[in-house]
Amino acid sequence: MSSERRRVARAFKSRGLSVQSSALDACLNVLARERSSAAAYNDALCAIVDEVKERMVHGGKRGGRSGGGGGGGGVVTPRLLEEVVAQLSRTDADVTEEAVQLLDAFRTPRLVYDPMRRRFELMREGRGGGGSLYGEAGDKVEMYAQRYELVRQRVLRQDVFQPKLAAGRGRDAGREGGGETSHALTPVESLLGRGGTRYLLGMIVQVEEGRYYLEDHTGQVPLDLSSATLLTDGFVTEGGIVLVEGEAIDGMLHVRHVVVLVGTDLYERGSDLAASLVLRRVRRVQARAIKSYRQARTLRRERDRSSIDIAASSPQQPMFVTLELGELNINEGLGTKEREHCRSSSHVSSARGARSVRCKAVAREATWGVTTAIQARWLTLSSFVNTCARTGIVCARSPIVENRADAIQAIGVQNSDIFDSIGSISELEKLREQEARHGDGMFVVLSDVHLDSPAVLDRIERMLAGYADFAPLPVFVFMGNFSSRPLVDGAKAMTGCFEDLANVVSKFPNVADEGRFVFVPGPNDPGISGVLPRGPIPKCFTSALRSRVKHVVFASNPCRMRFFSKEIVFFRDDLVGKMRRHCLLEPREDESDEDFEGDNGNEGGKAIMIGGRQRLPRHVVKTVLDQGHLSPLPLSTSPVFWRHDHALRLYPFPDALIVGDQVDPYYENYEECDAINPGPFSNGYKFVAYHPVGEVQKATSTSDVDFCEIE
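These lines cover the structure that appears in this document, whether it is placed above or below. (Residues numbered from 1 in each chain as written. Predicted model: local features only at pLDDT ≥ 70, side-chain atom pairs only at ≥ 80, totals over all residues. Heavy atoms only, no water.)

## A word on the pattern of salt bridges
- In this structure the tally under the stated criterion is 24 salt bridges.
- A salt bridge links Arg 459 to Asp 458; the nearest nitrogen and oxygen atoms lie 3.5 Å apart.
- Each member of the salt-bridge network shares a partner with another, and the members are Arg 404, Arg 560, Glu 567 and Asp 655. (Salt bridge = Lys/Arg side-chain N within 4 Å of Asp/Glu carboxyl O.)

As structure tokens, then:
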């Protein structure tokens with residue numbers, strides 16, 4: 001026994017670790033299970049030592065969550081050894097069970113941005129549900145300040161709002177980017193005494209009844225929206241943060257264009273900002289064309305047969321380059337009307353000092369394998385901006401919206417870990433690996449489940465019967481309202497509703513024992529209603545269901561769930577109705593919805609609506625995601641607990657936003673965020689089966705959404 005003890009101690013010492021006597025005894029007890037095979041014994045010992053060493057190395061970076069049991073100077077303690085053995089002994093069922101984590105709104109950490117130091121901080125102290133629910137006056141100020149600063153830092157990090165260096169960086173730099181225009185955000189306090197068009201970022205507020213102001217961190221200015229044009233999809237409402245282009249005259253800001261911060265496809269009409277965005281893209285395309293031209297010239301010198309025809313001239317007479325489709329697609333990102341305009345455009349004189357590049361279709365074959373498929377039309381790229389500006393159409397890819405990956409890169413992995421489960425990039429990669437192997441989970445989501453209706457209970461029973469044989473069982477998410485009418489008959493009626501549901505679930509013993517149920521309250525459910533975020537349904541109404549269903553959680557509204565590395569937000573509110581009632585400008589209407597649905601894929605987003613039009617839901621989804629907030633409305637319309645406003649924020653974007661609204665079911669993918677509405681279950685018995693991890697390709701995975709209906 002002493003020789004075995006020395007052997008284990010030497011194994012730890014060879015990795016630079018010293019083990020306490022009690023920890024060594026515990027390790028020997030674990031290894032005693034593997035004495036039947038020498039190979040298994042050695043594998044178990046090496047696995048334990050390697051995992052302990054890894055935790056020692058990464059323990060400081062992970063805030064002490066995993067390495068907290070280790071002593072100083074590489075000393076292995078019994079606590080650390082216990083954590084390592086538990087980690088290595090986990091089964092597939094344990095991994096799947098630990099993959100799901102629920103976060104209550106009142107326990108959500110607060111992401112704070114410091115504009116002075118330009119850094120983020122995730123604050124957990126004092127936010128664990130303790131203290132007063134109602135904040136002080138300072139909490140209201142901080143609420144609005146953080147809403148504004150989180151959007152402002154996102155805008156200022158974009159190239160179009162970055163100051164350009166006065167000195168060029170060489171001939172190539174001047175050619176590719178020297179002509180770009182840099183736009184600056186003007187603070188409200190700087191409008192005094194300044195004329196001309198300015199760009200301002202601020203929140204729309206109503207200081208006087210019927211009179212709206214634009215407010216930022218420096219002041220307020222009255223708004224004249226009579227001639228304003230909405231350039232993007234989305235709703236402009238009081239309490240929303242917008243980017244406006246206008247001119248201050250006699251103390252009034254006369255708005256020309258309004259951008260609801262800021263969509264995937266930015267269609268601006270006659271805007272200098274849009275022209276600069278398009279020009280940036282044109283110059284990038286020109287750089288690619290010049291590079292291709294140089295490569296083709298080298299190949300032409302080596303071969304007699306060539307498909308590249310070059311004619312260089314002065315800036316007043318454009319240079320012509322023939323390109324293949326693989327190098328340049330002139331129609332990329334353009335709508336139907338813009339494509340037709342490109343096809344019919346003749347040559348227009350280029351912008352002053354800009355080099356022009358023309359594309360022409362090539363029908364001849366090339367021995368070196370160039371495939372050509374560009375339409376036989378001539379187009380001067382650098383003059384395309386001026387041409388579209390005169391016709392009133394300019395299209396650009398917006399640079400302001402950030403998807404989840406880009407936002408996490410700017411914030412940092414630790415500052416975006418609101419679940420306190422991913423402390424480093426290595427842990428995130430491990431979760432993604434487990435996600436690829438075990439991520440076959442499913443979320444079945446129902447909204448407006450009226451438990452006082454016998455027909456609803458019958459459909460729930462039939463639904464549970466269909467999922468009873470699934471392995472693993474899905475997570476069932478029920479959203480309110482749980483009664484077809486407000487609570488008027490006292491607590492007894494609502495208590496009876498949950499007793500009836502308990503009777504239905506109890507008919508399936510495996511579902512009652514192993515199934516997970518999450519209940520998100522609606523606007524008319526019992527509790528403190530009318531103010532967001534709202535707490536769970538009180539226990540006095542749900543005691544019968546809690547006693548008969550093993551894994552049931554009554555969550556807040558909204559609430560967040562983690563599935564491996566995916567973040568899912570559940571929210572029950574009538575967003576479409578609220579936005580329509582309080583919009584200040586009529587939402588923009590596109591001439592073609594098919595461009596939004598299919599042509600752009602994940603870049604522009606794809607929208608599917610079951611049984612109705614998708615325009616209004618698309619505006620709502622885009623508004624809440626661009627604003628980074630679930631309720632970008634005035635407090636008089638949508639009251640919010642000042643101290644817990646951060647629980648409603650959507651920055652960075654979640655992987656999925658599931659909203660229980662009273663409109664028809666819809667699905668949209670906006671900047672890699674799945675926006676889903678299952679529709680009211682009480683009207684048509686429709687629900688959604690959501691798979692956060694669907695098809696896995698290399699390091700990425702796609703989700704699956706199934707809209708279901710019970711007849």
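## Some details on the sheet that holds strand β18 (residues 475-479)
- Taking strand neighbours across the sheet as the criterion, the 6 strands line up as β20-β19-β18-β17-β28-β31 in an open arrangement whose pairing is mixed. Each of the sheet's edge strands pairs with one partner strand only, and the pair in question is β20 (551-554) and β31 (704-709). Within this sheet the neighbouring strands show an average axis-to-axis angle of 20 degrees, counted without direction.
- The pairing of strand β17 (residues 443-446) with strand β28 (residues 686-691) spans 3 bridges and is antiparallel. By the bridge assignment, Val 445 is partnered in β28 with Val 688. (Pairing = 2+ DSSP bridges. Helix = DSSP H or I, 4+ residues; strand = E, 2+ residues; numbered from the N terminus. Axes fitted to C-alpha atoms, helices over the stretch in contact; angles between N-to-C directions.)

## A look at the packing of aromatic side chains
- Using the criterion set out here, one finds 19 aromatic pairs in the structure.
- Residues Phe 498 and Phe 519 carry aromatic rings whose centres are separated by 6.1 Å and whose planes lie at 75 degrees to one another, so their mutual orientation is edge-to-face. Taken together, the residues span a long stretch of sequence, with Phe 498 in helix α14 (residues 491-505) and Phe 519 in strand β19 (residues 516-520) at a distance of 21 residues.
- Judged by relative accessible area, Phe 519 falls into the buried class, the value being 2%.
- Here the aromatic rings of Phe 681 and Tyr 685 are separated by 5.9 Å at their centres, their planes lie at 75 degrees, and the arrangement is edge-to-face. Tyr 685 carries the same exposure label as Phe 681, and that label is buried.
- Aromatic ring contacts, followed pair by pair, group Tyr 467, Phe 470, Phe 476, Phe 478, Phe 482, Phe 498, Phe 517, Phe 519, Phe 554 and Phe 687 into a single cluster.
- Stacked on the ring of Tyr 685, the Lys or Arg Arg 459 has its end atom at 4.2 Å from the ring centre. (Phe/Tyr/Trp six-rings, centres within 6.5 Å; stacked < 30°, edge-to-face > 60°. Buried < 20%, exposed > 50% of the residue type's maximum accessible area, 1.4 Å probe, protein only. Lys NZ or Arg CZ within 6 Å of the ring centre and 35° of its normal.)

## As for the packing of helix α1 (residues 2-13) against helix α2 (residues 21-31)
- Here α1 crosses α2 at 110 degrees, and the two axes come no closer than 10 Å. The pairing of α1 with α2 is recorded here as roughly perpendicular in orientation. Facing α1, whose interface residues are Glu 4, Arg 5, Val 8, Ala 9 and Phe 12, α2 presents Ser 21, Leu 24, Asp 25, Cys 27, Leu 28 and Leu 31.
- Among the residues making up the contact of α1 with α2, the classes are represented as 7 nonpolar, 1 polar and 3 charged. (Parallel < 35°, antiparallel > 145°, perpendicular 65-115°, else oblique. Contact = heavy atoms within 4.5 Å. Nonpolar A, V, L, I, M, F, W, Y, C, P; charged D, E, K, R; others polar.)

## Some details on the side chain of Asn 669
- For Asn 669, the position within the fold is in strand β26 (residues 666-670).
- Its relative accessible area of 6% is what places Asn 669 among the buried residues.
- At 3.5 Å, the side chain of Asn 669 forms a polar contact with the backbone nitrogen of Glu 672.
- There is a polar contact of 3.0 Å between the side chain of Asn 669 and the side chain of Asp 674. (Polar contact = N/O pair within 3.5 Å; in protein donor to acceptor, adjacent residues only side chain to side chain.)

## A word on the packing of α14 against helix α16 (residues 539-548)
- One way to put it is that α14 packs onto α16 with a least axis distance of 7 Å and a crossing angle of 15 degrees. Taken together, the axes of α14 and α16 lie roughly parallel to each other. Between α14 and α16 lies a crossing whose hand is right-handed. Between α14, through Ala 491, Met 494, Thr 495, Phe 498, Glu 499, Leu 501, Ala 502 and Asn 503, and α16, the contact on the second element is made entirely by Cys 540, Phe 541, Thr 542, Ala 544, Leu 545 and Arg 548.
- Class assignment of the residues belonging to the contact of α14 with α16 gives a composition of 9 nonpolar, 3 polar and 2 charged. (Left-handed = near helix turned anticlockwise from the far one by under 90°.)

## A look at α1
- The terminal C-alpha atoms of α1 lie 16 Å apart, and with 12 residues this matches the ideal 16 Å at 1.5 Å per residue to within 8%.
- Buried within α1 we find Glu 4, Val 8, Ala 11 and Phe 12. Each buried residue of α1 lies within a common arc of 100 degrees when the element is viewed along its axis, so the set occupies one face. Among the exposed residues of α1, those pointing more than 90 degrees away from its buried face are Arg 10 and Lys 13. (Expected span 1.5 Å × (residues − 1). Arc of directions from axis to C-beta.)

## What about unusual backbone geometry?
- Of the consecutive residues Ala 471 and Pro 472, the connecting peptide bond is found in the cis state with omega at -5 degrees.
- With respect to the element layout, Pro 472 can be found in the loop between α13 (454-467) and β18.
- Between Asn 557 and Pro 558 the backbone carries a cis peptide bond, its omega angle lying at 5 degrees.
- Mapped onto the secondary structure, Pro 558 falls in the loop between β20 and β21 (559-563).
- Positioned with a positive phi, Phe 564 is a non-glycine residue whose angle comes to about 55 degrees.

## Some words on the pairing of β18
- The buried count for β18 comes to 5 of 5 residues, which makes it a mostly enclosed element.
- Alternating positions in β18 separate into two faces, Val 475, Val 477 and Met 479 on one and Phe 476 and Phe 478 on the other, with burial throughout.
- Crossover connection from β17 via α13 to parallel β18: handedness right-handed. (Right-handed = clockwise from strand over helix to strand, strands pointing away.)

## Regarding the nonpolar core
- One finds Ile 460, Met 463, Leu 464, Phe 478, Phe 517 and Phe 519 to be the most contacted residues of the largest nonpolar core, which totals 39 residues.
- Ranked by residues supplied to this core, first place goes to α14 with 7 residues.
- If near-sequence neighbours (up to four positions away) are discounted, Leu 464 is found in contact with Phe 476, Val 504, Val 505, Phe 508, Val 511 and Phe 517.
- Val 475, Val 520, Phe 563 and Tyr 690 belong to the second largest nonpolar core, which has 28 residues in total. (Core = buried A, V, L, I, M, F, W, Y, C linked by side-chain atoms within 4.5 Å.)

## Regarding the side chain of Thr 623
- Looking at the element boundaries, Thr 623 is found in helix α20 (residues 615-627).
- Under the relative-accessibility criterion, Thr 623 is labelled buried at 1%.
- Only 2.6 Å separates the side chain of Thr 623 from the backbone oxygen of His 619, close enough to count as a polar contact.
- Setting aside residues no more than four positions away along its own chain, Thr 623 makes contact with Gly 234, Phe 235, Met 579 and Pro 632.

## Focus on the environment of Arg 485
- Note on placement: Arg 485 falls in the loop between β18 and α14.
- Classification of Arg 485 as partly exposed rests on a relative accessible area of 48%.
- Remark: the alpha-carbon pair of Arg 485 and Asp 525, spanning 40 residues in sequence, is separated by 9.3 Å.

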